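# Structural overview
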Amino acid sequence: MALPLYELALMTARRVAARDGGTMHVTLATPERTPLEQFGPDASALLLDQLRSLGIMFLPSCRVERVLRDEAQLAPGRQVVPTERVVTLPTLVGPAVTGLPHDAEGFVPVDLHGAARDAVDVYAAGDATDYPIKQGGLATQQADAVAEAIAARCGVPLLPAPFRPLLRGMLLTGARPSYFETDLTGDQPGTSSTKPLWWPPLKVVGRRLAPFLSQQLGIPSPAPSGASR
Ligand SMILES: Cc1cc2nc3c(=O)[nH]c(=O)nc-3n(C[C@H](O)[C@H](O)[C@H](O)COP(=O)(O)OP(=O)(O)OC[C@H]3O[C@@H](n4cnc5c(N)ncnc54)[C@H](O)[C@@H]3O)c2cc1C
């Protein structure tokens, strides 16, 4: 997920503008068709506004093919972007543990309960699995599904719920953060806001992890009206 790259672009542009009047140009090139498109059109529109207001050039549907001394060459289209500094996110690869099934990138293929395909008594959750979006909040939801599946197998009387990805992202902007939320199993377009959409309003959202972290950080536990849990 490219969210940290957007944060870096927004915060850098804002900081430079405040310091020397904006003599730096920031360009964000991404294979996405719209900014953070996984979060839906509402989030993309909000983010596009923020990028534009800070003069950040957004180049969608492309990938960087070559980086030379003072330029980056993009594909398709052979567009050339002049550069002095280039920041990129790493390509994620899975752990490819010997003895465990894994795909070509090393990720463990799992079903909706986290059970590894083509393996017996093996469960996996989080970035190591083949779920295409790697995110801490989703990892906690996968862990919930795995815990229930294992508990049910051990005789606990419950019907294990499958992993139902609710993607929530908090974007740092250098000013007020933005909050994006979308149910990846449904057809709903998703929601975005500059007010918290969940509580506690942390970057890593998890049923148990977030309350634990907020306690450590001293964030009050009752949610103000308008913020959901
Ligand atoms: C720059 C950046 C910003 C991010 N920001 C956010 C954010 O704001 N919100 C969010 O929700 N997510 C964010 N993420 C994603 C988030 O960090 C991951 O999705 C999350 O950490 C995944 O958790 P995990 O437990 O699956 O994997 P990890 O946190 O990677 O933990 C895996 C652990 O397994 C260990 N390990 C690896 N191989 C083996 C092995 N063979 N044997 C034993 N142990 C092993 C590793 O050392 C590690 O401790 C961000 C990621 C990056 C890179």
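See the structure shown above.
A short tour of the structure in this document, coming up.

How each quantity is defined
Residues numbered from 1 in each chain as written. Predicted model: local features only at pLDDT ≥ 70, side-chain atom pairs only at ≥ 80, totals over all residues. Helix = DSSP H or I, 4+ residues; strand = E, 2+ residues; numbered from the N terminus. Expected span 1.5 Å × (residues − 1). Buried ≥ 20, exposed ≤ 12 C-beta atoms within 10 Å, placed from the backbone. Arc of directions from axis to C-beta. Contact = placed C-beta atoms within 7 Å. Pairing = 2+ DSSP bridges. Axes fitted to C-alpha atoms, helices over the stretch in contact; angles between N-to-C directions.

## Quick look at helix 2 (residues 41-53)
- Helix length check: helix 2 (13 residues) gives 18 Å between terminal C-alpha atoms against 18 Å at 1.5 Å per residue, within 8%.
- Taken together, the buried positions of helix 2 are Ala43, Ser44, Leu46, Leu47 and Gln50. Down the axis of helix 2, the buried set is contained in an arc of 165 degrees. They therefore lie on one face. More than 90 degrees from the buried face of helix 2, the exposed residues found are Pro41, Asp49, Arg52 and Ser53.
- Contact partners of the buried residues in helix 2: helix 1 (3-20), strand 7 (178-183) and strand 8 (191-193).

## Examining the sheet that holds strand 8
- Taking strand neighbours across the sheet as the criterion, the three strands line up as 6-7-8 in an open arrangement whose pairing is antiparallel. Edge positions in the open sheet fall to strand 6 (166-171) and strand 8, since each of these has one partner strand only. Within this sheet the neighbouring strands show an average axis-to-axis angle of 10 degrees, counted without direction.
- Note: strand 6 against strand 7, six bridges, orientation antiparallel. If you follow Gly169 over to strand 7, its bridge partner there is Phe180.

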